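Fold and geometry: a report
Residues per chain are reported as follows:
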Amino acid sequence: MGEWLLVLAGGAVGAPARHLIGTATREHLRSSFHWGTFLANMTAALLLGFLVEAGTEGALGGSGQALLSTGFCGALSTWSTFANEVHSMAGARQVAGAAGYAFVTVALGLGLSFAGMAVARALW
């Protein structure tokens, strides 16, 4: 039961963080591009790579993984919103934009995840 509460606590911080990122980007970037989702997902990918490697190196126990990796990063990132945005763009005949958004999100997300792992490896 304790781990479940840690996931809940992490999610309770990650979800509002994602919302704030979305709100701030809409207000400041005034763009049709989905910057909020993109930035939240890239941040989560970088942080999750770091946390997973930190856990592998023994620097983050099971409680830390539940709180930060599963709870916080799980709520900060959003595959469903990303998928819906790609689908909406394609449906609006922005097929090239949708394909580019999907490709860059997946490729950069993976790259940032590996970068986070490399930083954690360098620290431990």
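An account of the accompanying structure is given in this report. (Residues numbered from 1 in each chain as written. Predicted model: local features only at pLDDT ≥ 70, side-chain atom pairs only at ≥ 80, totals over all residues. Heavy atoms only, no water.)

What follows deals with the nonpolar core. Counting residues in each nonpolar core, the largest one holds eight residues, listed as Ala 40, Ala 44, Leu 51, Ala 54, Leu 60, Phe 72, Cys 73 and Leu 76. In this structure, Ala 40 is in contact with Arg 18, Ile 21 and Leu 76, ignoring residues within four places of it in sequence. Grouped together as the second largest cluster of nonpolar side chains are seven residues, Met 42, Met 89, Ala 98 and Tyr 101 included. (Core = buried A, V, L, I, M, F, W, Y, C linked by side-chain atoms within 4.5 Å. Buried < 20%, exposed > 50% of the residue type's maximum accessible area, 1.4 Å probe, protein only. Contact = heavy atoms within 4.5 Å.)

Where charged atoms from two side chains of opposite charge come close, those side chains can pair. One pass over the full model with this rule turns up one salt bridge. Among the salt bridges present, the one from Glu 53 reaches Arg 121, with a minimum N-O distance of 3.4 Å. Taken together, the residues span a long stretch of sequence, with Glu 53 in helix α2 (residues 35-56) and Arg 121 in helix α5 (residues 95-123) at a distance of 68 residues. On the accessibility criterion, Glu 53 (8% relative accessible area) is buried. (Salt bridge = Lys/Arg side-chain N within 4 Å of Asp/Glu carboxyl O. Helix = DSSP H or I, 4+ residues; strand = E, 2+ residues; numbered from the N terminus.)

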